[in-house]
Each structure stands twice: as structure tokens, then as C-alpha cells.
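Residues per chain, in single letters:
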Amino acid sequence: MRNPKIDFKNMTVKQWKQIITICVITLITILLFLAIFNGVRYAHYKKLIKNEQLVNTESYDNLDSQEISRLIKFLGSADPNESLSYQKSYPDLYVENDFNFVKSEDNVVYLTFDDGPNVNVTPRVLDVLKQYDVKATFFVIYKEGEAEEALYKRIVDEGHTIAVHTSSHSYNAIYSSVDAYLADFEKISSKIESVTGVKPEIFRFPGGSINSYNVGLYQELIAEMLRRGYVYYDWHVSSGDASGPSVSADKIKNNVLNTTKDKEAIVLMHDGPGHGATADALPGIIEGLKSKGYRFAALDNSVTPSCFGY
């Protein structure tokens, strides 16, 4: 039996109102569902970013040279007078780099610390590293104080790598555009160089290279930073020390020891305010990883990056 066709021409006003009402209710229901879905998804990503644990489990372990060439060629051929005008900004914000990465022949761990220097935590971290003769990498933020500037210098003087993290650590601001990111990057990079005499060549994106704040921008950001010669480093292992104020030193230590399994591992930790437990956990982390046959080294731009897949 065939369904009767609706005779739109002879429909009454009442029938038209019924159809319109049904359409409106259906549309509102769909929009409400999408709003709830996106709200839950956004809250989930916000939590991950707060803990800096937004890690793609299918992340790749190196920047492919062909991908780098493709991105740089794309940016180099674009008209900077159009959408890529930021290429003309900060002409000194370049470093020499051939992007030849070297794989380690033995097991190596790169301990990295974000969000410092902090006068209460960073000296303790540096003391432990010195005690064990371990070199590490510090992705620092912008600080003006004499004590913090002395810590910039101490990091360099004791043989560690000092690298760019962010000036403001304000996700909404720095990921609002490529221009905004470059302005933030230039401020902290210049600060490091003026205080220590070292021009940083590597960096870490706040929240990692892919996060919900830069989801529409990260490919362009990555391409521009590569074009300028910089290498960014995400991580293989998260210590979980940013998961909450009550996380214990034992929990941090166990997180690192239980999840460091690859031949090369970049470990995410923090030496910013409130991370005394990280300093407490550090001796156990170093001793535990040494017992598993790892050596320690600081990052430089010849080390194969850990980069979240996209």
C-alpha cells in the first residue's frame, strides 16, 4: 500500500502550523544534543590540558623529514603579503637547523621540567640532579625576579638545556593566532638569551603540540616554527605530577618507573609552584631508571623528537 502524498497546496493553516512546530522541535532537540555533546567533550579536554596528559597513544616518535620539507616548502611558497604576513615578524627569531636527528644506540631517558623556574622547587630539583650527575632539560616561562634570573643562569652553568615553554602560559591568548604565539615565544626566548647568553633552539608547546585550544591552528603553528628552524618536543611519559595538588611523591615516582619502557623516553615533569613532590620523587626516579639500564641526557635539536600524531 502506497503512502498518501501530502498535498501542500491544499493544506490548512492549522496543518502548516503543526508541521512548522514539529520542525522547530526537531531542530531544537538536535541543537540541544550537539550542545550537550560538545560541552562534555570540551570539559574532558579541559581536564586533560590541566593535567597536561593529552597524549595521542598513536603518536609517532620522530618528525618525518619529508613532512618537514613539505611544510617548509608550503610556507616558503606562500605570499607573505596575504594570510602568512606573520612570516615577516621577528626577523631574529630563527635558528640554523638541518633536522638531522640521531637515534641513541643505548637506553636513554630525557628528564624534562616545565613551568619553572620557581625559587622553592627548582633549586631542589637542581640539587638532586647535581648529586646524581644527571643532565636534564628545563622548558621555562618568563620571570623578572633576580632569584629566578639566577636560576636561569644556574640551569645553564650546571650543564642542563634551557628551552622555551611560554611567556604567559595563557592558552587563550597565545593560541588565538600565529602572531600571538610568536609574540609570546619571542618574549621568553629573548629573556633567556639576555640573561644566559644562550639562544634557545628547542621548545615545548604549552599543553603539548595538539590541544583543544590550538585545534584549528596547530598545523600552521608547527609549520611556521619548523620553518624558523626550531624543534618542539612533546613527551612519551607523563609523571602525572600536574594531576592535582595532593599527588604524592611515591605516585609520581611509580608513574614514571611503570610507564618508561621504550629505548628512548622523554619524561614530562614540572618544577613550577606547588611541585615540591616532584623534587621529592626525583631521587627514586633516577635510581629506579638507572636500575633498569637507562642513562640520562639533556635534549638538544639533534635528539629525535616525540611529537603527538595528527
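Please read these numbers as outputs of a predicted model, since none were measured by experiment. (Residues numbered from 1 in each chain as written. Predicted model: local features only at pLDDT ≥ 70, side-chain atom pairs only at ≥ 80, totals over all residues. Heavy atoms only, no water.)

### A word on unusual backbone geometry
Turning to step 1, where the next piece is worked out: Here Gly-116 and Pro-117 are connected by a cis peptide whose omega angle stands at 5°.
Turning to step 2, where the next piece is worked out: Looking at the secondary structure, you find Pro-117 in the loop between strand 1 (108-114) and helix 3 (122-132).
Turning to step 3, where the next piece is worked out: The backbone phi angle of Phe-99 is positive, close to 55°, even though this residue is not glycine.
Turning to step 4, where the next piece is worked out: Within the chain, Asp-133 stands out as a residue other than glycine whose phi angle is a positive 55°.
Turning to step 5, where the next piece is worked out: By the element assignment, Asp-133 lies in the loop between helix 3 and strand 2 (137-141). (Helix = DSSP H or I, 4+ residues; strand = E, 2+ residues; numbered from the N terminus.)

### Description of the packing of helix 3 against helix 4 (residues 146-157)
Turning to step 1, where the next piece is worked out: Running from N to C, helix 3 and helix 4 cross one another at 15°; their axes reach a closest spacing of 11 Å. Relative to helix 4, the element helix 3 lies roughly parallel. Along this stretch, helix 3 crosses helix 4, giving a crossing that reads as left-handed. Residues Thr-122, Pro-123, Leu-126 and Asp-127 of helix 3 pack against Leu-151, Arg-154 and Ile-155 of helix 4.
Turning to step 2, where the next piece is worked out: Looking at the contact of helix 3 with helix 4, its residues break down into four nonpolar, one polar and two charged. (Axes fitted to C-alpha atoms, helices over the stretch in contact; angles between N-to-C directions. Parallel < 35°, antiparallel > 145°, perpendicular 65-115°, else oblique. Left-handed = near helix turned anticlockwise from the far one by under 90°. Contact = heavy atoms within 4.5 Å. Nonpolar A, V, L, I, M, F, W, Y, C, P; charged D, E, K, R; others polar.)

### Section: the packing of helix 6 (residues 178-196) against helix 7 (residues 218-227)
Turning to step 1, where the next piece is worked out: Packing of helix 6 against helix 7 brings their axes to within 10 Å, and their N-to-C directions diverge by 45°. Relative to helix 7, the element helix 6 is oriented oblique. For the element pair helix 6 and helix 7, the recorded crossing hand is right-handed. Contacts between helix 6 and helix 7 involve Val-178, Tyr-181, Leu-182 and Phe-185 from the first element and Glu-220, Leu-221, Glu-224 and Met-225 from the second.
Turning to step 2, where the next piece is worked out: Looking at the contact of helix 6 with helix 7, its residues break down into six nonpolar, no polar and two charged.

### Overview of the side chain of Arg-204
Turning to step 1, where the next piece is worked out: Within the secondary structure, Arg-204 sits in the loop between strand 4 (202-203) and helix 7.
Turning to step 2, where the next piece is worked out: The exposure class assigned to Arg-204 is buried, which follows from its relative accessible area of 0%.
Turning to step 3, where the next piece is worked out: Here the side chain of Arg-204 touches Thr-112 through a polar contact of 2.9 Å, side chain to side chain.
Turning to step 4, where the next piece is worked out: Not counting residues up to four positions away in its chain, the partners in contact with Arg-204 are Thr-112, Asp-114, Phe-139, Val-164, His-165, Tyr-233, Asp-234, Trp-235, Ile-266 and Leu-268. (Buried < 20%, exposed > 50% of the residue type's maximum accessible area, 1.4 Å probe, protein only. Polar contact = N/O pair within 3.5 Å; in protein donor to acceptor, adjacent residues only side chain to side chain.)

### Side note on the nonpolar core
Turning to step 1, where the next piece is worked out: Membership of the largest hydrophobic core comes to 79 residues, with the highest contact counts inside it found for Leu-111, Phe-113, Leu-129, Phe-138, Phe-203, Leu-282 and Ile-286.
Turning to step 2, where the next piece is worked out: Apart from residues no more than four positions distant in its own chain, Phe-113 is found in contact with Val-125, Leu-129, Ala-136, Thr-137, Phe-138, Phe-139, Met-269, His-270, Asp-271, Thr-278 and Leu-282. (Core = buried A, V, L, I, M, F, W, Y, C linked by side-chain atoms within 4.5 Å.)

### A word on the pattern of salt bridges
Turning to step 1, where the next piece is worked out: All chains considered together, the criterion is met by 10 salt bridges.
Turning to step 2, where the next piece is worked out: Here Arg-227 makes a salt bridge to Glu-224, at a shortest N to O gap of 2.9 Å. Of this pair, Arg-227 and Glu-224 both sit in helix 7, separated by three residues, roughly a single helical turn. (Salt bridge = Lys/Arg side-chain N within 4 Å of Asp/Glu carboxyl O.)

### Digging into the pairing of strand 3 (residues 161-166)
It is a general feature of regular strands that their side chains alternate between the two faces of the sheet.
Turning to step 1, where the next piece is worked out: Counted residue by residue, strand 3 has six buried out of six residues, so it is predominantly covered.
Turning to step 2, where the next piece is worked out: Taken together, the five bridges between strand 2 and strand 3 define a ladder with parallel strand orientation. Looking at the pairing, Phe-139 lines up with Ala-163 of strand 3.
Turning to step 3, where the next piece is worked out: After leaving strand 2, the chain enters helix 4 and then returns to the sheet as strand 3, a path that is right-handed. (Pairing = 2+ DSSP bridges. Right-handed = clockwise from strand over helix to strand, strands pointing away.)

### Observations regarding helix 9 (residues 276-291)
Turning to step 1, where the next piece is worked out: Taking 1.5 Å as the rise per residue, helix 9 with 16 residues should run 22 Å; its terminal C-alpha atoms sit 24 Å apart, in good agreement.
Turning to step 2, where the next piece is worked out: Within helix 9, the axis deviates most sharply at Leu-282, by approximately 35°, and proline Pro-283 lies no more than four positions further along.
Turning to step 3, where the next piece is worked out: Taken together, the buried positions of helix 9 are Gly-276, Ala-277, Thr-278, Ala-279, Ala-281, Leu-282, Ile-285, Ile-286, Gly-288 and Leu-289.
Turning to step 4, where the next piece is worked out: Contacts made by the buried residues of helix 9 are with strand 1, helix 3, helix 8 (249-259), strand 7 (264-270) and strand 8 (295-296).
Turning to step 5, where the next piece is worked out: Gly-293 occupies a position one or two residues after helix 9 and carries a positive phi of about 95°. (Expected span 1.5 Å × (residues − 1). Bend = angle between axes of the 7 residues up to and from the residue.)

### Overview of helix 7
Turning to step 1, where the next piece is worked out: When you tally the buried positions in helix 7, you get seven out of 10 residues, the bulk of the element.
Turning to step 2, where the next piece is worked out: Along helix 7, the residues classified as buried are Tyr-218, Leu-221, Ile-222, Ala-223, Glu-224, Met-225 and Leu-226.
Turning to step 3, where the next piece is worked out: Within two residues after helix 7, Gly-229 carries a phi angle of roughly 95°, on the positive side.

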